[in-house]
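The primary structure of each chain is shown beneath.
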Protein chains: 4
Amino acid sequence: MRVGVLTGGGDCPGLNAVMRGVVRKAENTYGDEIIGFRDGWKGVINNETVELSIASMRGTLTRGGTVLGTSRVHPWMQEDGVEKIAATVADQNLDAMIVIGGEGTLSCARRLHDEGVINVIGIPKTIDNDISATDMTFGFMTAVEVAADAVDRLHSTAESHDRVMVLEVMGRHVGHIAMWAGLAGGATVTLVPEEPFDIAEVAESIKRRHEKGRFASIVVVAEGALPKPGTLDVVEPEVDIYGHQRLGGIGATVAAEIEKLTGFETRVTVLGYVQRGGTPSAFDRVLCTWYGVAAIDAVHQGDFGRMVSFQNAGMTTVSLDDAVGGLKTIDPQLWDVAKTFFG
Amino acid sequence: MRVGVLTGGGDCPGLNAVMRGVVRKAENTYGDEIIGFRDGWKGVINNETVELSIASMRGTLTRGGTVLGTSRVHPWMQEDGVEKIAATVADQNLDAMIVIGGEGTLSCARRLHDEGVINVIGIPKTIDNDISATDMTFGFMTAVEVAADAVDRLHSTAESHDRVMVLEVMGRHVGHIAMWAGLAGGATVTLVPEEPFDIAEVAESIKRRHEKGRFASIVVVAEGALPKPGTLDVVEPEVDIYGHQRLGGIGATVAAEIEKLTGFETRVTVLGYVQRGGTPSAFDRVLCTWYGVAAIDAVHQGDFGRMVSFQNAGMTTVSLDDAVGGLKTIDPQLWDVAKTFFG
Amino acid sequence: MRVGVLTGGGDCPGLNAVMRGVVRKAENTYGDEIIGFRDGWKGVINNETVELSIASMRGTLTRGGTVLGTSRVHPWMQEDGVEKIAATVADQNLDAMIVIGGEGTLSCARRLHDEGVINVIGIPKTIDNDISATDMTFGFMTAVEVAADAVDRLHSTAESHDRVMVLEVMGRHVGHIAMWAGLAGGATVTLVPEEPFDIAEVAESIKRRHEKGRFASIVVVAEGALPKPGTLDVVEPEVDIYGHQRLGGIGATVAAEIEKLTGFETRVTVLGYVQRGGTPSAFDRVLCTWYGVAAIDAVHQGDFGRMVSFQNAGMTTVSLDDAVGGLKTIDPQLWDVAKTFFG
Amino acid sequence: MRVGVLTGGGDCPGLNAVMRGVVRKAENTYGDEIIGFRDGWKGVINNETVELSIASMRGTLTRGGTVLGTSRVHPWMQEDGVEKIAATVADQNLDAMIVIGGEGTLSCARRLHDEGVINVIGIPKTIDNDISATDMTFGFMTAVEVAADAVDRLHSTAESHDRVMVLEVMGRHVGHIAMWAGLAGGATVTLVPEEPFDIAEVAESIKRRHEKGRFASIVVVAEGALPKPGTLDVVEPEVDIYGHQRLGGIGATVAAEIEKLTGFETRVTVLGYVQRGGTPSAFDRVLCTWYGVAAIDAVHQGDFGRMVSFQNAGMTTVSLDDAVGGLKTIDPQLWDVAKTFFG
């Protein structure tokens, strides 16, 4: 078989490890040829390929990012995008396409599949772990390790200066990274999108804690955390008045308010892109490899129009319709555990 | 309530984090007093306690080992052991005991519970992840990260010298650590107790690989891996003829045989105790905290004679009878993935 | 002897390790008593002490921050500050004081020494490594490792998206951290305070690089880097119009300009406080211990009014006058090496 | 110019970073062509080359090992070795050769230079940091970080079990790694080749420490540490009676004796090859790059027959005669500091 592979959307640790899994099983077990496409759907539209073989993937298991490149271009953004994809499929004589991406990329995959343009197998990619159709996405746990390490480092400086340190982590719609990093790092409070916060309560819990002794506080904030309606004006991030990338929308707001309400010196750190990059953890390398192997297996089982999903500690598939539907919010049982540690 | 806590058997990363979880929820939510016992059952027999409070546990989330100490002493090893335990229970006015340990420690817990000596809740502790009644034990994934890091380091030296490097990791009865570390590190072959190996086949796969180019090989061996019956004499580890601790029983044997059969320079490294110690990973810190909180919750639900178990990404309890029964061997689906990468 | 110890100014990795060195040598070799003062000069003014003994320092070798706390309070900020210090010296019966701090803290130490208030030995503390009287300050190399790790992580995400990533690191007056992290991480350009930059040249070098292929760029910027006079308006950091801590003064400016001039998507990350905190590297732990031991040795040699200094791979002392005088800028030979790698 | 490069002897972290430094400066500043030779002198004898260019070195800054491979083959081991080297020099039209290696490899370089076969510049390579003609060799500090991390991990398991843990680290002739790792990790005793030990004294100091409380001990032993003459029989490592690689010669002996003399449970870990491999630390990456750039600069200064040396925090050159002469033993001042912490 000839099978295409692409990576779309934002990058996350382990993309290369997934592709290495695809290629290894494909070449060794099935004798397939794998064709990589450059920069997501853009490469399929333009028929731009990248070699993807056991040889070319050597040394990439531990390498962050994606050797294919990625983009947010999609078929319906461009004139004749779908026709061009069909032409590429024909030109490359593709039997199927493995599409590694998030909601946007997989929605395109589903539509192309439904329209009969190409047989697709999806692999979920979101560093936020927010796809309900799978128990765990790859890259997420590496981001948690990086964020928890930052919390560890902030602890000592907070303690030395009797300060409050606010750490803003990724999580636009859900608080998985924030909750895990906050728990793992021993944060005083963690703020997540799932549960709007009352800044006065946050300040109170920090004050209570500081009254008990000299113990500094760490507040972990997901970038998408929101105050209860009407309680606090949050400045939209993006670009500031000088035209510069604005860092720490919610994080900076929370820090400024805490300082105002408690009188404690408060500082914000925005972890940003370091959560996305670098070597995947051992856990993620195994998970990635497993996803990749399961995807090429699904191709050979003719399981098209479906996404590989990690459920009950094993790989299965779900329909792409289900896959891109639901947002997975934080686990209520674990969130209860997290709240036990709030100040 | 007054609740005792002990840690028994070999140590593993995250024991302190578990106890911090117990103490935090106990003090803050239930107003309990927690009494730590020194060195496993020995401390209960001798009524030797250690302070275990939110204050005393400060800073231990990231600390390896156990602040209580541990031992392999058990109640039936010592005269009047059970009577002394009953006396301690009465003296300390204990309502329940949270027992953190492996098969041996928990078997004692079950028997003491069955004999009505004390209400117990168990928490599974085995770095090998080999208890079938729980999906994942704490400390295991940290050991995997340490072992995979060692594989990464051995890769470059293997490549520079065109060598075979054998890495012996923990896993007396099961190959979870070996399989995960081998997959995460890109090992050429991984040997596990679950599947006796044929050294001639191992040598052949390494030779095939080397014939294709200059690619060095890493062989990960669980300490309990065994050759197929009659194919290879393995020297028992323990102590050598000089009375010294003998390192690398199976690892050294495998390395010597590979060198003999392939002619390639082969070296063995025995990772040993570094897998047991040190800061738990962020993943393990969350898992530990969750185990600890769930255990004190179980005490308050009167769920005695049971062990906290992590199943389907949530905490539940199982009877201690089931808990200490089955050995959990490696997952066949993941083992199949692992074999895809064998040379 | 009875010897006081204080830590002043901003924290950095290894302060505890320094004090552990002082205490160990003091108790074991000299039979001294060491008295810790809380929060820098503030604790001496208020006669607030913290136990500082071999026992109390157990476990602190690897711990970031300072168990004493720190502040920027100084004797001349407060009414009768110097008199109160003299009173504390008398009350505590102090023979000498070991002062661990940067320029501000050590200037006070010198003045108190010159005025005969107390015998002092200084230990230089600046994470920026910018004191000319010593070859290397502790904590600096740990900050370099943290910053270089961030560069590593940014590389993969930059490559995947064909982006420019700007990383702002510490270094208000000097570029040591930026230069080392940039070299260690393989940055395309590094901007330091010592050499004002021309943003047009920076943009050109990035464009040249991108024209050669698909290679993303990393730009490391010291927080104190400055454009050539008249070439670029830089927004002062501190607080933004919303009253929030403003992140990425120069970093955000540089990123916005690069995007404007090159047309390449450019993102900024401000590493901030994670550079200051956490476990010191092995190198720093040795350096810290050496500083601490040398300081108490200097006390016993009556070497007062002087600062311990690391020179030619050994410890010596210099007068406090020299110590706080000169700013150590980046090494011209190493800067030349760094420039070899500019795009 | 056309300049050859080879790496000889055992590998160590940062070899690729050194060559990347050579290549970058050579191509960008001087317009040279660099020719890599495979597997040390063997590749020069056989005229086997490997591409060494900015393009081929991309991504190798963080990669352990050497892309050239290495061996211990030398010109006088093989018939007509020197003649073949001369032929390769002529065939490749080489103006000079940069030789990266330890005492053996550099001795050959010197002799070939003295005999007029080729113009050589040496770069010192020894993970043990034992060359007296340079202040610091690359790779050494990475090995120290790895060894100190192992000590950290052993601490917690030692404490939990009240055990003595012996860690054998590299250092055949000198104790630099042992002394640094012991100091950085807080070892109770460190044994180095420079100072023969009395096992009875070691046991006494451990007993004294344990009598003071529940404090476990870590003993760091350099592989070349030796007992005082006549005090202890040490088994030679190499191969055991079963023909297997024997691990832990001196480490296993020391552990067995400590257990015998103190009665405390004692375990040995042999760190082995993990010290040699993997990503160099940020410190080492800078040092490596600097060595590489200085070497090609020396070629263009015609500084032949000399070795690049790091002295007084800068690069210079020394004659190859001096370079391979002296063994650099541990610093007496720092060894004194280390002994302050002995139990």
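The model shown is predicted, which means the values in this text are computed figures rather than measured ones.

Section: the overall build of chain A
Here is step 1 of the chain: Scanning chain A from N- to C-terminus turns up 11 helices and 11 strands.
Here is step 2 of the chain: For chain A, whose C-alpha radius of gyration is 22 Å, the value lies close to the compact-globule estimate of 20 Å for 343 residues.
Here is step 3 of the chain: Counting across all 343 residues of chain A, residues that qualify as buried make up 64%.

Quick notes on the sheet that holds strand 2 (residues 33–37) of chain B
Residue and element names in this part refer to chain B.
Here is step 1 of the chain: In space, the 7 strands of this open sheet follow the order 3-2-1-4-5-10-11, with mixed pairing throughout. Sheet topology places strand 3 (49–51) and strand 11 (314–319) at the edges, where each strand pairs with a single neighbour. Pairs of neighbouring strands in the sheet enclose a mean axial angle of 30 degrees, with direction left out of account.
Here is step 2 of the chain: Pairing between strand 10 (residues 306–311) and strand 11: 6 bridges, direction antiparallel. The residue of strand 11 that forms the bridge with V308 is T317.
Here is step 3 of the chain: Set on the sheet, helix 1 (residues 15–30) makes contact with strand 1 (2–7), strand 2, strand 4 (96–101) and strand 5 (120–124); between it and strand 1 the angle comes to about 175 degrees.
Here is step 4 of the chain: Its contacts with the sheet put helix 9 (residues 282–300) on strand 1, strand 4, strand 5, strand 10 and strand 11, and the angle it makes with strand 10 is roughly 140 degrees.

Digging into the relation of the copies chain A and chain B
Here is step 1 of the chain: In the superposition of chain A on chain B (RMSD 0.0 Å, axial shift 0.0 Å), the rotation amounts to 180 degrees. Interpreted geometrically, this transformation is the action of a two-fold axis. Relative to the rotation axis, the C-alpha of N312 of chain A is the closest in chain A, positioned 2.9 Å from it.
Here is step 2 of the chain: Most of the interface of chain A is mirrored in chain B: 100% of its interface residues are interface residues there too.

Examining the sheet that holds strand 7 (residues 189–191) of chain A
All names here are of chain A.
Here is step 1 of the chain: Taken in spatial order, the 4 strands of this open sheet run 7-8-6-9, and their pairing is parallel. The sheet is open, and its two borders are formed by strand 7 and strand 9 (266–270), each paired with just one other strand. Pairs of neighbouring strands in the sheet enclose a mean axial angle of 20 degrees, with direction left out of account.
Here is step 2 of the chain: By the bridge criterion, 3 bridges tie strand 7 to strand 8 (residues 217–222) in an arrangement that is parallel. Bridge pairing in strand 8 links V189 to V219.
Here is step 3 of the chain: This element, helix 7 (residues 199–211), spans strand 6 (164–169), strand 7 and strand 8 of the sheet and lies at about 160 degrees to strand 8.
Here is step 4 of the chain: Relative to strand 9, helix 8 (residues 249–262) is tilted by about 170 degrees, and along the sheet it contacts strand 6, strand 7, strand 8 and strand 9.

Concerning the pairing of strand 5 (residues 120–124) of chain A
All names here are of chain A.
Here is step 1 of the chain: The element strand 5 is largely enclosed, with a buried count of 5 among its 5 residues.
Here is step 2 of the chain: Pairing of strand 4 (residues 96–101) with strand 5, which is carried by 5 bridges, proceeds in the parallel orientation. Bridging across to strand 5, V99 finds its partner in G122.
Here is step 3 of the chain: In this fold, strand 4 hands off to helix 4 (residues 103–114), which returns the chain to strand 5; that crossover is right-handed.

Examining unusual backbone geometry
Residue and element names in this part refer to chain D.
Here is step 1 of the chain: We note that D39 has phi near 60 degrees; this positive angle belongs to a residue other than glycine.
Here is step 2 of the chain: In this structure, D39 sits in the loop between strand 2 (33–37) and helix 2 (41–45).
Here is step 3 of the chain: Even without a glycine there, the phi angle at N129 is positive, about 60 degrees.
Here is step 4 of the chain: Mapped onto the fold, N129 is located in the loop between strand 5 (120–124) and helix 5 (140–161).

Quick look at the interface of chain A and chain B
Here is step 1 of the chain: In this assembly, 35 residues from chain A lie in contact with 35 residues from chain B.
Here is step 2 of the chain: Mapped onto the side of chain A that touches chain B, the elements with two or more residues apiece are helix 1 (15–30), helix 5 (140–161), helix 6 (176–185), helix 9 (282–300), strand 11 (314–319) and helix 11 (332–340) of chain A.
Here is step 3 of the chain: By residue number, the principal contributor to the side of chain A that touches chain B is helix 9 of chain A, which donates 7 residues.
Here is step 4 of the chain: Of the residues contributing to the side of chain A that touches chain B, the split by class is 18 nonpolar, 10 polar and 7 charged.

Considering helix 4 (residues 103–114) of chain C
Residues and elements named next belong to chain C.
Here is step 1 of the chain: Taking 1.5 Å per residue as the helical rise, helix 4 with its 12 residues ought to reach 16 Å, and the 16 Å between its terminal C-alpha atoms agrees with that figure.
Here is step 2 of the chain: Every buried residue of helix 4 is accounted for by T105, L106, C108, A109, R110, L112 and H113.
Here is step 3 of the chain: Summarising the contacts, the buried residues of helix 4 are in contact with helix 2 (41–45), helix 3 (81–92), strand 4 (96–101), strand 5 (120–124), strand 10 (306–311) and helix 10 (320–323).
Here is step 4 of the chain: Positive backbone phi, approximately 75 degrees, marks G116, located one or two places after helix 4.

Observations regarding the domain arrangement of chain A
Residues and elements named next belong to chain A.
Here is step 1 of the chain: Considered domain by domain, chain A is made up of domain 1 (2–139 + 280–323) and domain 2 (141–276).
Here is step 2 of the chain: Facing the 14 residues of domain 1 at the interface are 13 residues of domain 2.
Here is step 3 of the chain: Its residues placed into classes, the side of domain 1 that touches domain 2 shows 5 nonpolar, 5 polar and 4 charged.

A short note on the environment of P229 of chain C
Here is step 1 of the chain: In this structure, P229 of chain C sits in the loop between strand 8 (217–222) and helix 8 (249–262).
Here is step 2 of the chain: Between the alpha carbons of P229 of chain C and P196 of chain C there is a distance of 7.9 Å; along the sequence they are 33 residues apart.

Points about the arrangement of the chains
Here is step 1 of the chain: Across the gap from chain B to chain C, with no contact made, the nearest C-alpha atoms are 10 Å apart.
Here is step 2 of the chain: No part of chain A reaches chain D; the closest C-alpha pair between them is 10 Å apart.

So, the environment of N119 of chain D
Residues and elements named next belong to chain D.
Here is step 1 of the chain: In this fold, N119 is placed in the loop between helix 4 (103–114) and strand 5.
Here is step 2 of the chain: N119 sits in the partly exposed class, given 19 other C-beta atoms within 10 Å.
Here is step 3 of the chain: In the structure, N119 is positioned 40 residues away from E159 in sequence and 56 Å away in space, judged by C-alpha atoms.
Here is step 4 of the chain: Setting aside residues up to four positions removed in sequence, N119 forms contacts with D95, A96, M97, H113 and F304.

Focus: helix 7 of chain A
All names here are of chain A.
Here is step 1 of the chain: With 13 residues, helix 7 extends 18 Å from end C-alpha to end C-alpha; this agrees with the ideal 18 Å at 1.5 Å per step.
Here is step 2 of the chain: Turning to helix 7, its buried residues are V202, A203 and I206. Angular distribution of buried residues about the axis of helix 7 spans 95 degrees; they occupy a single face of the element. Looking at helix 7, the residues exposed on the side facing more than 90 degrees away from the buried face are R208 and E211.

Details of the packing of helix 7 of chain A against helix 8 of chain A
Residue and element names in this part refer to chain A.
Here is step 1 of the chain: Running from N to C, helix 7 and helix 8 cross one another at 60 degrees; their axes reach a closest spacing of 9 Å. Here helix 8 runs oblique to helix 7, going by the angle between their axes. Remark: the crossing between helix 7 and helix 8 carries right-handed chirality. For the pair helix 7 and helix 8, the contacting residues are I199, A200, V202, A203, I206 and K207 in the first and V254, E257, I258, L261 and T262 in the second.
Here is step 2 of the chain: For the contact of helix 7 with helix 8, a count of residues per class yields 8 nonpolar, 1 polar and 2 charged.

Thoughts on the packing of helix 9 of chain A against helix 6 (residues 176–185) of chain B
Here is step 1 of the chain: Two numbers describe how helix 9 of chain A lies on helix 6 of chain B: the axes approach to 8 Å, and their chain directions differ by 80 degrees. In this view, helix 9 of chain A runs roughly perpendicular relative to helix 6 of chain B, as classed from their interaxial angle. The segment helix 9 of chain A lies against helix 6 of chain B, with A282, R285, V286 and T289 of chain A engaging W180, A181, L183 and A184 of chain B.
Here is step 2 of the chain: Per-class residue counts for the contact of helix 9 of chain A with helix 6 of chain B are 6 nonpolar, 1 polar and 1 charged.

Description of the confidence of the model for chain A
Here is step 1 of the chain: When pLDDT is averaged across chain A, the result is 92; 96% of the residues are at 70 or more.
Here is step 2 of the chain: Quick note on the complex model: pTM equals 0.95, ipTM equals 0.94.

A word on the environment of F341 of chain B
Here is step 1 of the chain: By the secondary structure assignment, F341 of chain B is in the segment after helix 11 (332–340).
Here is step 2 of the chain: Residue classification places F341 of chain B among the buried positions, given that 21 C-beta atoms sit within 10 Å.
Here is step 3 of the chain: Considered as a pair, F341 of chain B and A187 of chain B are 154 residues apart in the sequence and their alpha carbons are 7.6 Å apart.
Here is step 4 of the chain: Excluding residues within four positions of it along the chain, F341 of chain B makes contact with R24 of chain A together with L183 and G186 of chain B.

Here we look at the pairing of strand 1 of chain B
All names here are of chain B.
Here is step 1 of the chain: Within strand 1, 5 of the 6 residues are buried, leaving the element largely enclosed by the surrounding structure.
Here is step 2 of the chain: Taken together, strand 1, helix 1 and strand 2 form a β-α-β motif whose crossover is right-handed.
Here is step 3 of the chain: Taken together, the 5 bridges between strand 1 and strand 4 define a ladder with parallel strand orientation. Looking at the pairing, G4 lines up with M97 of strand 4.

Reading guide: rules and limits
- Sequence order sets the numbering: in each chain, residues are counted from 1 along the sequence as written.
- Numbering of ligands from 1 and lettering of chains from A proceed in the order in which they are written.
- Given that this is a predicted model, residues contribute local features only at a pLDDT of at least 70 and side-chain atom pairs are listed and counted only at 80 or more, while totals for whole chains, interfaces and linings are drawn from all residues.
- Per the convention used, a helix needs a DSSP run of H or I reaching at least four residues, while a strand needs a run of E reaching at least two, with both numbered from the N terminus.
- In this setup the radius of gyration rests on C-alpha atoms only. A globule is expected at 2.2 Å times the number of residues raised to 0.38.
- Three classes are used. A residue is buried when 20 or more other C-beta atoms lie within 10 Å of its own, exposed when 12 or fewer do, and partly exposed in between, with C-beta atoms placed from the backbone.
- Strand pairing is assigned whenever DSSP identifies at least 2 bridges connecting the two strands.
- Lines fitted to the C-alpha atoms define the axes, with helices restricted to the stretch that makes contact. Angles between their N-to-C directions range from 0 to 180 degrees.
- Contacts here follow a simple rule: the backbone-placed C-beta atoms of the two residues must lie within 7 Å.
- Superposition of the copies used a least-squares fit over C-alpha atoms from residues whose pLDDT is at least 70 in both.
- Throughout, right-handed denotes a crossover for which the path from the first strand over the helix to the second runs clockwise when the strands point away from the viewer.
- Side-chain classes are defined by residue name, with Ala, Val, Leu, Ile, Met, Phe, Trp, Tyr, Cys and Pro counting as nonpolar, Asp, Glu, Lys and Arg as charged, and the others, Gly among them, as polar.
- Helix span, as expected, comes to 1.5 Å for every residue beyond the first.
- Domain limits in this description derive from either an automatic procedure or a database domain assignment.
- Here, the arc refers to the directions that run from the helix axis to the C-beta atoms.
- Any angle that falls under 35 degrees is termed roughly parallel, while one over 145 is termed roughly antiparallel, one within 65 to 115 roughly perpendicular, and all others oblique.
- Handedness of each helix crossing follows the sense of rotation of the near helix against the far helix: counterclockwise by less than a right angle gives left-handed, clockwise gives right-handed.
- What pLDDT expresses is the predictor's confidence in each residue, scored from 0 to 100.

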